[in-house]
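In case you want the letters, here they are:
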Amino acid sequence: MRNSTKTAIKEAFMTLLNKKPFDKITVKEIVEECGINRNTFYYHYEDIYDLLQAVLDDEVQAAMQSVDGFTSWENGFLKAAEFALQNKQAIYHVYRSVERDVLERYLYSVAEFVMSKAIEQQTADLDPDPTDLELMVTFYKYALAGIVIEWLSHGMKNSPEQSILRLGELLNGNIRYTFTKKK
């Protein structure tokens, strides 16, 4: 029952977040939406900010599990960012709130995980310097998350999926090339 209650709270929160800005949602609305009392909410979460962090933490874990066997970093990132892309309005509402940093950490975590896996796959037969690997992961992490953040900052007018896929086309082979060229 405990996990189903937490799930109900998260689902109610996401329903509301897809309808209205984060800073306009109250605990009262969440408990009414999922049919529990306030004490039950506070048994599971300290406040709405704690709930938001829990939702995004769950999604980071789900994203990390979902990218096994991906064929390209672009597809891996899009698969991992599926939650954000399916809940565009909710993500936009969080972005426009004071909790923007929580969302950015989520995006950076997903991008870092995907790029670590992708670079590991593409350099498995090489002996790259660990510092160089870390630098490449950091570069791509900020590039990918930056594309999504830029998309949010411009009101979600175009498709971040198209931009990420196009970036993949433009940079095709660059990761492997970087680690095979002579120093």
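Small disclaimer: the values here were computed from a predicted structure and weren't measured. (Residues numbered from 1 in each chain as written. Predicted model: local features only at pLDDT ≥ 70, side-chain atom pairs only at ≥ 80, totals over all residues. Heavy atoms only, no water.)

(A) Highlighting the overall build of the chain. Broken down by element type, the chain carries 11 helices and zero strands. Counting helices and strands in the order they occur from the N terminus, the chain gives α-α-α-α-α-α-α-α-α-α-α. Each of the three principal axes of the chain carries a C-alpha extent, and together these read 65 × 35 × 25 Å. Per-residue burial over the chain gives 42% buried out of 183 residues. Considering only intrachain contacts with a sequence separation of at least 6, the fraction spanning at least 24 residues in the chain is 70%. On the chain, roughly 10200 Å² of surface is accessible, and the fraction owed to carbon and sulfur atoms is 48%. Charge-centre separation for the chain: the mean point of 21 positive side chains lies 4 Å from the mean point of 27 negative side chains. (Helix = DSSP H or I, 4+ residues; strand = E, 2+ residues; numbered from the N terminus. Buried < 20%, exposed > 50% of the residue type's maximum accessible area, 1.4 Å probe, protein only. Contact = heavy atoms within 4.5 Å. Areas by Shrake-Rupley, 256 points an atom, 1.4 Å probe, with all protein chains shown as cover. Lys, Arg positive; Asp, Glu negative; His and termini not counted. Charge placed at Lys NZ, Arg CZ, Asp CG, Glu CD.)

(B) Just the packing of helix H5 (residues 73-80) against helix H10 (residues 160-170), in detail. Packing of H5 against H10 leaves a shortest axis separation of 9 Å and a crossing angle of 160°. Regarding the angle of H5 to H10, the classification is roughly antiparallel. The chirality of how H5 crosses H10 is right-handed. Across the interface between the two elements, Trp-73, Glu-74, Asn-75, Phe-77 and Leu-78 from H5 touch Glu-161, Ile-164, Leu-165, Leu-167 and Gly-168 from H10. Tallied by class, the residues present in the contact of H5 with H10 amount to six nonpolar, two polar and two charged. (Axes fitted to C-alpha atoms, helices over the stretch in contact; angles between N-to-C directions. Parallel < 35°, antiparallel > 145°, perpendicular 65-115°, else oblique. Left-handed = near helix turned anticlockwise from the far one by under 90°. Nonpolar A, V, L, I, M, F, W, Y, C, P; charged D, E, K, R; others polar.)

(C) Representation of the nonpolar core within the structure. Core analysis: the largest hydrophobic core is formed by 58 residues, its most contacted members being Phe-13, Ile-30, Trp-73, Phe-77, Tyr-106, Met-115 and Leu-152. With 10 residues, the top contributor of residues to this core is helix H8 (residues 100-122). (Core = buried A, V, L, I, M, F, W, Y, C linked by side-chain atoms within 4.5 Å.)

(D) Region of the structure containing helix H9 (residues 130-153). Between the first and last C-alpha of H9 there are 34 Å, a value that for 24 residues agrees with the 34 Å anticipated at 1.5 Å per step. Within H9, the full set of buried residues consists of Met-136, Val-137, Tyr-140, Lys-141, Leu-144, Ala-145, Val-148, Ile-149, Trp-151 and Leu-152. Residues of H9 that are buried sit in contact with H5, helix H7 (88-95), H8, H10 and helix H11 (174-180). Phi turns positive, to about 75°, at Gly-155, one or two residues after H9. (Expected span 1.5 Å × (residues − 1).)

(E) Geometry of the side chain of Thr-123. Relative to the helices and strands, Thr-123 is located in the loop between H8 and H9. A residue is classified by how much of its surface remains accessible, and Thr-123, at 5% relative accessible area, is buried. In this structure the side chain of Thr-123 is engaged in a polar contact, spanning 2.7 Å, whose partner is the backbone oxygen of Ile-119. Not counting residues within four places of it along the chain, the set of residues in contact with Thr-123 comprises Pro-128, Leu-133, Arg-176 and Phe-179. (Polar contact = N/O pair within 3.5 Å; in protein donor to acceptor, adjacent residues only side chain to side chain.)

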